[in-house]
Amino acid sequence: MLNNVSDCEEVEGGAHSQGDGNPKESSPFINSSGGSGVEKTQQYDGKNMALFEEEMDTSPMVSSLLSSLANYSNLPQGSKEHEEAENNEEARKKVVQAPRMGTVMGVYLPCMQNILGVILFLRMTWLVGVGGVLGTFLIVFMCCSTTMLTAISMSAIATNGVVPAGGSYYMISRSLGPEFGGAVGICFYLGTTFAGAMYILGCIEILLIYIAPHAAIFQIEGLEGAEAEAGMLNNMRVYGTIVLSFMALVVFVGVKYVNKLALVFLACVILSILAVYAGVIKTAFEPPDFPVCVLGNRTLFSKGLDICAKTIDRGNGTVTTKLWRFFCDSEFLNATCDEYFANNNLTQLQGIPGVTSGIISENLFSTFMEKNDFLQKRGLPAVEDPDTPPTNTNRYVLADITSFFTLLVGIYFPSVTGIMAGSNRSGDLQDAQKSIPIGTILAISTTSFIYMSSVILFGACVDGVVLRDKFGEGVNGNLVIGTLAWPSPWVIVFGSFFSTCGAGLQSLTGAPRLLQAIARDGIIPFLRVFGHGKANGEPTWALLLTASICEIGIIIASLDAVAPILSMFFLMCYMFVNLACALQTLLRTPNWRPRFKYYHWALSFLGMSLCLSLMFICSWYYAIVAMGIAGCIYKYIEFCGAEKEWGDGIRGISLSAARYALMRLEEGPPHTKNWRPQILVLVGLDEEQNVEQPRLLSLTNQLKAGKGLTIVGSCIVGTYLNNHPQAQRAEQSLRKLMETERVKGFSQVVISSNLRDATSHLVQAGGLGGLRHNTVLVSFPKNWRQATDNQQLGNFIEVVRETTATSLALLVPKNIGAYPSNGERFTEGHIDVWWIVHDGGMLMLLPFLLRQHKVWKKCKMRIFTVAQMDDNSIQMKKDLITFLYHLRLDAEVEVVEMHESDISAYTYEKTLVMEQRSQILKEMHLTKNEREREIQSITDVSRGSIRRKNPPSGHPQKTNLDESAGGSVEKPEEESFRLSRPQQVQLIQGMNATPVPTPTSPTCPTSLSTPAVSPGEVVQRTWSDAVDNAKNPSVANPEGIRDMFSMKPEWENLNHSNVRRMHHAQKLNEVIVRKSQDAKLVLLNMPGPPKNRTGEENYMEFLEVLTEGLNRVLLVRGGGREVITIYS
């Protein structure tokens, strides 16, 4: 209830209640008290509330809450208040205390006025004549049942809280969400607007045909067929535009006059209906005299006829009548006459034989006609030659349109609309939750009785040819229903004229306010201009748009063509009212507590089904257009509209559907055909809570393309109570970056006492139920060699271990800064896959997914695999080509042969330096003296042994770059470390380059007299000299060979497993660099982590050697299951 009250206060609170896009709405009772802390303390003194004094800012006392609730009014500014233009507080208080209306005046009579209208007076008799009593009764019953079921659903929604102005739009939007609410609200607005056009066309039809036929600008007398029809439509357009302009001016200038005249217009309707019932009763005793002249079985046009006879006896002779002159070439008896006229006799029928005549038996069944068919009387003989074309057709009553059952449904349905009039006035009602259900259902019951009884009474009192005579051309141009009225047909003519005028004014008054309510909600951005109006709140711009749309209906000019259009929009509106009630009932949301208890979800679904059926029965193409309009508005609001959280039922459906889907996912793991990477992206945050590696999300978008699950997780070190605001900022930063990179998924920030535990929590607890991640994406750590980043190294290794233990796939992009953004495009290039070990097909699937994205679309895929000495490389290539063919993947295939070779001295030296550095880092936690002694002993042992003898020719001839895209050498980050630990620096630098020889070292290529150079230059020159010696072994110093053999004892102390790993990494790196140095991306199997924690630095060094010299590398570890299959 509180949410509903707050909704209406925000949306309908006045002229300044613009849509601000806030996703949540606050309650008017929480945080509503103002004043300083001293004032609050004094306020609660002596009230026995000291125990809860600290909570008074957020939790008010029950007494103040109940007082606010009891005195709360959601009464929006109505037309009366707009006219009075209250701009001060006294005026607003006066409005709140204004007398409220009861059930009869507030709901029952307004619904009666909106339901009864133009169709009853102008088309009901024609519907009975064409569709028959049975067919028309079925149409009326279907339509009235639809509105009754809709009224039941609407009553349940309307009594489930306060409904301000906006009526069905408000109910649907708050029940089904802003997307459905906006779409249906626009449909309801268009339906109301076209209803105004229909009422105006009905008003003009009454004026030009029954009241003042000579006022027509385009004369149609003497015209036949299309010319007469065009003249009539042009008259409707001209006069309709004039009347529309006048009505719009009245609404703009003085809405209060429209409201004051509403009862007068309603009185006209009621008096007209009473006159019809009185006339029916009178026909039982004294039927009115309305003769109809029939030639053969064709009804004649009565205008201009003096008597229904060919000749009359006057004195001693026989003279011809006016009718003779219409069909013959002269007035003499020997004149040449129309063949049909000459061969058939004239019959004069009683147009209204009376309720006791038994004529209903003739009118029970339908008589559908084609356009320009003759209006024929059943049972009368006629002589006609089927081969002779008819002549003098302007003297017969013809069908103006082709009639069929579905057309009748579309024309009739607007006569049962208007059931929302009571809910639209809920703010003016004394007890809306009691008045709306009673008043609306009573009004529908009353009008349904009127319509159903009218069908039976019209069929029982009026002859079929008169009923099918739409414009009364056979009864001297009288309104057909008027011929039945007592005391005079003019009662119906003027009553229907004023009722259509009043209904048109009501439509032009209500539609702009409905559009204004939609615009002020802010859910449709391009409509916001229509939320503004005059100083007193009148929707000026909305009225202008309404009049413009209404003019479209006026240009159509045919009431029969406009009626099905507005039927579509109203039916769609009613359908979603039923859907809203059914969903709320089935979802059993806690806030669904309507006071109206006589509803059921089955009734709502029945009403929804009837609405949908009637839409396609009326006109399937209009139904498709209306649904297309609603669908476009829905998608527009979804993508461009303001976010609103109204507690709607669609959110409830989403929750139920999500729960059901999650339970289904729990039944078992997905099949290989449905496997896709559900990625957990681990990102780091800087001090400002911004993402340090935004390209990780770019890569995620390129891998996912919006499909599947994506969780972007980050960690904050600290306690939850102290760091909660920081976590909120971090989550906002993640969501903002996800929106920028178009990554569809969820963000999650975990706070823990240390980074390793927080990362572990994310890996373990990310996702929900069966919707969990199966892949972890984490960037390769930068500057991991620095002693200060040893914790980062440990965290990374721990992630590798945990993903292996939990059977998750792992993606590790190295040099993530060099990866392309979503806006970049590769026009050519290759994605190279180095398939070393089988990982379930991850290496095959990832390039395929990447190539679906526009960044990598132009890149071609190449697959390399490694053959050992005992492998048949030719057969391997054939098998791999066949395998890729079955996988439906297009890729170039190459098998690389790696021959066994002796382990080079460079490999031994690389391994030696790696182990020495590991030893140094392990001893970093010793005391200062112990650390210095340990370092001194290590450097003394290795001082004369480190020398690069035979480095590989394909090895890069440069110092190590931690991240090639960044272009930053590790040297700057190590300056402080070098100054404090000059001896350790040489060994730590030697991880990826030759250690700096000292002047006393036997490997030093310079003499003691060599000028001093910077350490970087020494490293570079030593590296170059070693490479030169490798290129020219004949000029190498033979002393160096003896030195190499003298270092054998140190090598023998090395861990042979590390030597083998270093050798394999080096040899594999040579091959990869040679084949894939120019590739846009290299995908490579990632080796498994060390089982013990003592070799973590060695593991990272192996990865560095393996990927050295490559720009973009994606290390991949499979999750232990097949992810790609050859089967369909």
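For the structure itself, look to the data block above.
The following refers to the structure shown.

Definitions and cut-offs
Residues numbered from 1 in each chain as written. Predicted model: local features only at pLDDT ≥ 70, side-chain atom pairs only at ≥ 80, totals over all residues. Heavy atoms only, no water. Pairing = 2+ DSSP bridges. Helix = DSSP H or I, 4+ residues; strand = E, 2+ residues; numbered from the N terminus. Axes fitted to C-alpha atoms, helices over the stretch in contact; angles between N-to-C directions. Core = buried A, V, L, I, M, F, W, Y, C linked by side-chain atoms within 4.5 Å. Buried < 20%, exposed > 50% of the residue type's maximum accessible area, 1.4 Å probe, protein only. Contact = heavy atoms within 4.5 Å. Phe/Tyr/Trp six-rings, centres within 6.5 Å; stacked < 30°, edge-to-face > 60°. Lys NZ or Arg CZ within 6 Å of the ring centre and 35° of its normal. Disulfide = S-S within 2.5 Å.

For the rest of this paragraph, the subject is the sheet that holds strand β9 (residues 775-778). Strands sit in the order β8-β7-β6-β9-β10-β17-β16-β11-β12-β13 across an open sheet of ten strands; the sheet is mixed. If you trace the sheet from one side to the other, it starts and ends with β8 (746-752) and β13 (892-897), each paired once. Here the strands of the sheet are splayed against their neighbours by 20° on average, with no regard to which way each runs. Pairing analysis gives three bridges linking β9 to strand β10 (residues 809-814), with the strands arranged parallel.

So, on to the nonpolar core. Counting residues in hydrophobic clusters, the biggest one holds 157 residues, and the most contacted among them are M124, M198, Y412 and Y451. Of the residues forming this core, the biggest block, 23 residues, is contributed by helix α9 (residues 168-211). In contact with Y412, other than residues within four places in its own chain, are I119, M124, L127, I139, V140, C143, C144 and Y451. In this structure, V691, I751, L777 and L846 belong to the second largest nonpolar core, which totals 52 residues.

Our next topic: the packing of aromatic side chains. In the structure shown here, the tally under the stated rule is 24 aromatic pairs. Both rings, one in F497 and one in F498, keep their centres 5.5 Å apart while their planes meet at 75°; by these two values the pair is edge-to-face. Accessibility expressed as a relative area gives 16% for F497, which makes it buried. Looking at F498, the relative accessible area reads 36%, which means it is partly exposed. An aromatic cluster of three or more residues is present, and its members are W324, F327, Y340, F341, F374 and Y396. One residue, R395, lies across the ring of F326, its end atom 3.8 Å from the ring centre.

Let us look at the sheet that holds strand β2 (residues 298-299). Strand pairing in a sheet relies on backbone hydrogen bonds. The paired strands run either parallel or antiparallel. Taken together, the three strands give an open sheet; going across it, the order is β2-β1-β5, and neighbouring strands pair in antiparallel fashion. Of all the strands in the sheet, just β2 and β5 (346-350) have a single pairing partner and so form its edges. Where strand β1 (residues 291-295) and β5 come together, five bridges link them in antiparallel fashion. Opposite V294, over in β5, you have T347 as the bridge partner.

Moving on: the state of the cysteines. In total, this model carries two disulfides according to the counting rule given. Disulfide partner of C293: C308, at an S-S distance of 2.0 Å. Around the S-S axis, the bridge from C293 to C308 shows a dihedral of about 75° and counts as right-handed. Pair noted here: C293 is in strand β1 and C308 is in the loop between β2 and β3 (311-314), with a separation of 15 residues, a long-range link. According to the relative accessible area criterion, C293 is buried, its value standing at 8%. Given the relative accessible area of 18%, C308 is considered buried.

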